[in-house]
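Report on the structure
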Amino acid sequence: MSDSETKQHFVRPDVQACLNMLEAMVSTPMHELPVAEARQTYLAMRHVADADPTELAIIRDLHCAGPAGDIPLRYYDKSAERDSGPAIIFVHGGGFVIGDLDTHHPFCTFLADQLDLPVIAVDYRLAPEHPFPAAAQDAVAVARWLAESPKELGLNITGLIPVGDSAGGNLAIVISQSLATNPAKVPVIAQMPIYPVVSARKDWQSMDDFADGFVLTRDGMDWFDNAYQPDNANPLYNVIDDFDHALTPPTVLITAGLDPLRDQGRAYGAKLLEAGVTTSFYEARGTVHGLIGLRKVIPSGEQDCKNMTECLHSLLSNISGQTPS
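How each quantity is defined
- Residues numbered from 1 in each chain as written.
- Predicted model: local features only at pLDDT ≥ 70, side-chain atom pairs only at ≥ 80, totals over all residues.
- Heavy atoms only, no water.
- pLDDT = per-residue confidence, 0-100.
- Contact = heavy atoms within 4.5 Å.
- Axes fitted to C-alpha atoms, helices over the stretch in contact; angles between N-to-C directions.
- Helix = DSSP H or I, 4+ residues; strand = E, 2+ residues; numbered from the N terminus.
- Parallel < 35°, antiparallel > 145°, perpendicular 65-115°, else oblique.
- Left-handed = near helix turned anticlockwise from the far one by under 90°.
- Nonpolar A, V, L, I, M, F, W, Y, C, P; charged D, E, K, R; others polar.
- Core = buried A, V, L, I, M, F, W, Y, C linked by side-chain atoms within 4.5 Å.
- Buried < 20%, exposed > 50% of the residue type's maximum accessible area, 1.4 Å probe, protein only.
- Salt bridge = Lys/Arg side-chain N within 4 Å of Asp/Glu carboxyl O.
- Patch = residues over 30% accessible without salt bridge, like charges linked within 9 Å, V, L, I, M, F, W, Y side chains within 5 Å.
- Areas by Shrake-Rupley, 256 points an atom, 1.4 Å probe, with all protein chains shown as cover.
- Lys, Arg positive; Asp, Glu negative; His and termini not counted.
- Charge placed at Lys NZ, Arg CZ, Asp CG, Glu CD.
- Polar contact = N/O pair within 3.5 Å; in protein donor to acceptor, adjacent residues only side chain to side chain.

Turning our eyes to something else, we now look at the confidence of the model for the chain. Any residue range with low pLDDT should be treated as having predicted coordinates unsuitable for detailed reading. On average, residues of the chain score 95 in pLDDT, and 96% of them reach the 70 mark or higher. Low pLDDT, under 50, characterises residues 1-6; the predicted model gives this stretch 16 contacts beyond four residues in sequence or across chains.

Listed below in structure tokens is the structure:
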């Protein structure tokens, strides 16, 4: 996206440089690739675009039983030993089609380090092999497993904090909704959806403003939808409507200023506030969808990620006994 094409929107200089680089580098959009190749490309981009992983005391792969077989997980912890407390369940983005434990590995290490909380990342089933609602079913199954403080983790979990980006933000919210209406052994105490998919509508102004040239495109989103085949009337996908938002836990909501999903994220935040939910809203101005995985090529995104975790730490600090001293 050239300077002249983006001048009507505030764009950070390092974001503009990244957009120019991508325009020069990318010959075939990801949504025009075969699914297997798109997944490989997404993972390869991590090594070019994202920051290096943070060293932690624990990084361990494991699995739990799911509705269609074992679900791969990865457990991150800054501390080798830990007292009773909450745990983060992280659900990756990628349009329900691409992404895995490795694509979001650097951010998960960052999250565990910054918040000093255990993080368990979920490798849910992907579309088109496993369309809606497979991803949601897997995410909720992992949350319920974690709520039981399974011996495989060696943790006494007192509460869950779903966190996810984009499609994973949708799934983080689905976890919160599902455990609100059908409680698990421990509650969801907070959530942090990061530029989440929350609406089946396509008529948002930001969807038109940033339809092309800002990393996530309208054509890409159509490709993801065609693969995932969501039921647009189902609150497991269209989470902004048809749900009692008063049941939502305290929330840190993140949007990006140059994101097609920005306006639906803002609308979700308004719904939470109208329902009386404690909500911290942070919009990363002048930057794009996918910013948590672009910290090497967009250095200003490092501060955005720190701001996110500081917002969540502050929220947890107001929940008695749910954050490290």
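There's more to say after this.
Let us now look at the packing of helix H5 (residues 134-147) against helix H6 (residues 167-181). The relative placement of two packed helices comes down to the angle between their axes together with the axis-to-axis distance. Where H5 contacts H6, the axes come no closer than 9 Å and their chain directions differ by 60 degrees. Looking at the two axes, H5 sits oblique to H6. In this structure, the crossing between H5 and H6 has a hand that is right-handed. Only Leu-171, Val-174, Ile-175, Ser-178 and Leu-179 of H6 make contact with H5, whose side of the interface consists of Ala-135, Ala-136, Ala-139, Val-140, Ala-143 and Arg-144. Among the residues making up the contact of H5 with H6, the classes are represented as nine nonpolar, one polar and one charged.

Turning our eyes to something else, we now look at the nonpolar core. Residues Leu-73, Leu-146, Leu-153, Leu-160, Leu-171 and Ile-175 are the most contacted members of the largest nonpolar core, which totals 61 residues. A per-element tally of this core places H5 first, with 10 residues. Counting 33 residues, the second largest nonpolar core, distinct from the first, contains Ala-112, Ala-284, Leu-291 and Met-308.

Attention shifts here to the pattern of salt bridges. Side-chain pairing between opposite charges can occur once the charged atoms of the two side chains come close. The tally for this structure, following the rule as stated, stands at 17 salt bridges. Asp-225 is the salt-bridge partner of Lys-202, the closest N and O atoms lying 2.7 Å from each other. Residue Lys-202 is found in the loop between strand E6 (192-194) and helix H7 (205-209), and its partner Asp-225 is found in helix H8 (residues 218-228); the two are separated by 23 residues along the sequence. When its relative accessible area of 39% is taken as the criterion, Lys-202 is described as partly exposed. For Arg-266, the salt bridge identified is with Glu-283, shortest N-O distance 2.6 Å. Note that Arg-266 is positioned in helix H9 (residues 262-274) and Glu-283 in strand E8 (residues 279-284), a separation of 17 residues in sequence. On the basis of relative accessibility, which here comes to 37%, the residue Arg-266 falls in the partly exposed class. Three or more residues joined by partner-sharing salt bridges are found here, namely Arg-262, Asp-263, Arg-266 and Glu-283.

With an omega dihedral of 5 degrees, the bond running from Ala-127 to Pro-128 counts as a cis peptide bond. Its place among the elements puts Pro-128 in the loop between strand E4 (119-122) and H5. With omega at 5 degrees, the peptide bond leading from Phe-132 into Pro-133 counts as cis. Within the secondary structure, Pro-133 sits in the loop between E4 and H5. For Phe-96, which is not glycine, the phi dihedral falls at a positive 70 degrees. The residue Phe-96 is located in the loop between strand E3 (85-91) and helix H4 (105-115) in this model. The buried category is assigned to Phe-96, whose relative accessible area is 4%. One non-glycine residue with positive phi stands out, namely Tyr-195, at about 30 degrees. Residue placement: Tyr-195 occurs in the loop between E6 and H7.

Judged by side-chain charge, Glu-23, Glu-32, Asp-212, Asp-219 and Asp-222 come together as a negatively charged surface patch. Inspection of the secondary structure assignment puts Glu-32 in the loop between helix H2 (13-25) and helix H3 (35-49).

With respect to the helices, strands and loops of the structure, Arg-262 is situated in helix H9. Its relative accessible area of 12% is what places Arg-262 among the buried residues. In terms of polar contacts, Arg-262 uses its side chain to reach the side chain of Asp-263, at 2.8 Å. Those residues in contact with Arg-262 that lie beyond four places of it in its chain are Ser-206, Asp-209, Phe-210, Thr-255, Ala-256, Gly-257 and Glu-283.

With respect to the helices and strands, Ser-199 occurs in the loop between E6 and H7. Between the C-alpha atoms of Ser-199 and Ala-267, which are 68 residues apart in sequence, the distance is 9.3 Å. Ignoring sequence-local partners within four residues, the contact set of Ser-199 consists of Trp-204, Tyr-237, Asn-238, Ile-240 and Gln-264. Within the structure, Ser-199 has its side chain in polar contact with the backbone nitrogen of Arg-201 (distance 3.0 Å).

This paragraph deals with H8. Helical geometry: 3.6 residues make up each α-helical turn, so side chains three or four residues apart lie on a common side. Buried within H8 are the following residues: Gly-220, Met-221, Trp-223, Phe-224, Asp-225, Ala-227 and Tyr-228. On its buried face, H8 sits against H3, H5, H6 and H7. Of the residues one or two after H8, Gln-229 is the one with positive phi, at around 55 degrees.

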